[in-house]
Amino acid sequence: MEVRREKKHACGTICLKYLLFLFNVLFWLAGGAVLAVGVWTLVEKSDYISLLSSSFYATSAYILIAAGVIVIVTGIIGCCATLNEMKSLLIVYLILLLCIFLLEIIAGVLAYINYQELDEELKQNLKVTMQQKYQQPGEESITQAVDKLHQEFKCCGSHNFSDWSDSVWIQAAENERLVPDSCCKTPGELCGRRDHPSNIYRVEGGCIMKLEEFLLSQLYILGAVGIGIAFLQLLGMMFTCCLYRNLKEDPY
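- In the annotation of an unreviewed UniProt entry, the entry for the protein reads Tetraspanin, and the organism field reads Maylandia zebra.
- In its Sequence similarities (unreviewed entry) section, UniProt records this for the protein: "Belongs to the tetraspanin (TM4SF) family."

Dropping the structure here:
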């Protein structure tokens, strides 16, 4: 009877080990996904950082990269603790999971608050930035970001194409354009001289609305990834506690 109980106990411990190992593989993959999103945000969308006066966008990308690295390292620690049945390392792993879980909650609240501020900042500053800094000396990053914004989101101006009538660059005596060439559906040299809807993104809406939608979609994606990882963490903490208890009872 005692032998059967020990075999059943050992079998339960082995099952927990492999469940926790599987969890760690998933957790490691999730960390890799977060890291990839952070790098993609920084590399592919870095041009838009120059359009924002706050560092929220860039900081978010760096936080994602750091979080991805921490999750990957935690997953590796979890795998080592599980396979080697190291109770002390399991405690470290459990504490790390708990810390990451709490940080996710804090980051989620801060992201929501900062998004409201970022949205307000966009409404206040994007139009002025476009009008005052586009094609001005020393503002090459702004010019590149605005041109990319026009083409990627198929828009023209902050609220609409008429924003460009007050632009410092458009009002220059030697300028023949009514809007930047990047507003054109088929960009070309001096194509901005015609502001007809067949030529420019005139009726598609302003860039501020498109940029707001993009940032909000990014926030939803990050939120979904965060919820998924948080669910995995709860499972991981539960499996870790069960395995630790079983290992503590093991006579060997």
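1. Description of the overall build of the protein
Piece 1. Along the backbone of the protein there are five helices and zero strands.
Piece 2. In the protein, which comprises 252 residues, the share counted as buried stands at 38%.
Piece 3. Total accessible area computed for the protein in this model is approximately 13800 Å², and 66% of it derives from carbon and sulfur atoms.

2. So, the side chain of Thr 129
Piece 1. Within the secondary structure layout, Thr 129 lies in helix α3 (residues 87–133).
Piece 2. Among residues more than four places away in sequence, those in contact with Thr 129 are Leu 51, Tyr 134 and Ile 142.

3. Section: the confidence of the model for the protein
Piece 1. Per-residue confidence for the protein gives a mean pLDDT of 78; residues scoring 70 or more make up 83%.
Piece 2. By mean pLDDT, helix α1 (residues 2–44) is the weakest element of the protein at 71, and helix α4 (residues 140–153) is the strongest at 90.
Piece 3. Note on residues 1–5: pLDDT under 50 across the span, and zero contacts to partners over four residues away in sequence or across chains.

4. Side note on the UniProt feature "transmembrane region" (unreviewed entry) in the protein
Piece 1. The sites that carry the UniProt feature "transmembrane region" (unreviewed entry) are, in the present numbering, residues 21–42, 62–83, 90–113 and 219–244.
Piece 2. For residues 21–42, the end-to-end C-alpha separation is 32 Å, with 100% helix and 0% strand making up the annotated structure.
Piece 3. Secondary structure across residues 219–244 divides into 100% helix and 0% strand, with the first and last C-alpha atoms of the span separated by 36 Å.

5. Regarding the nonpolar core
Piece 1. Grouped together as the largest cluster of nonpolar side chains are 27 residues, with contacts concentrated most on Trp 164 and Leu 211.
Piece 2. Secondary structure elements with two or more residues in this core: α3, α4 and α5 (207–249).
Piece 3. The contacts of Trp 164, once residues within four sequence positions are left out, are Met 130, Tyr 134, Val 146, His 150, Cys 156, Gly 157, Ile 170, Leu 178, Val 179, Pro 180 and Cys 183.

6. Concerning a nonpolar patch on the surface
Piece 1. A surface patch of nonpolar side chains, amounting to about 540 Å² of accessible area, comprises Leu 22, Val 25, Leu 26, Trp 28, Leu 29 and Ile 76.
Piece 2. The dominant element in the nonpolar patch, judged by the number of residues it contributes, is α1, at five residues.
Piece 3. The topology assignment puts Trp 28 in helix α1.
Piece 4. By relative accessible area, Trp 28 is classed as partly exposed at 41%.

Each value, and the rule that gives it
- Residues numbered from 1 in each chain as written.
- Predicted model: local features only at pLDDT ≥ 70, side-chain atom pairs only at ≥ 80, totals over all residues.
- Heavy atoms only, no water.
- UniProt positions renumbered as here; feature names shortened; annotations may be inferred.
- Helix = DSSP H or I, 4+ residues; strand = E, 2+ residues; numbered from the N terminus.
- Buried < 20%, exposed > 50% of the residue type's maximum accessible area, 1.4 Å probe, protein only.
- Areas by Shrake-Rupley, 256 points an atom, 1.4 Å probe, with all protein chains shown as cover.
- Contact = heavy atoms within 4.5 Å.
- pLDDT = per-residue confidence, 0-100.
- Core = buried A, V, L, I, M, F, W, Y, C linked by side-chain atoms within 4.5 Å.
- Patch = residues over 30% accessible without salt bridge, like charges linked within 9 Å, V, L, I, M, F, W, Y side chains within 5 Å.
- Salt bridge = Lys/Arg side-chain N within 4 Å of Asp/Glu carboxyl O.

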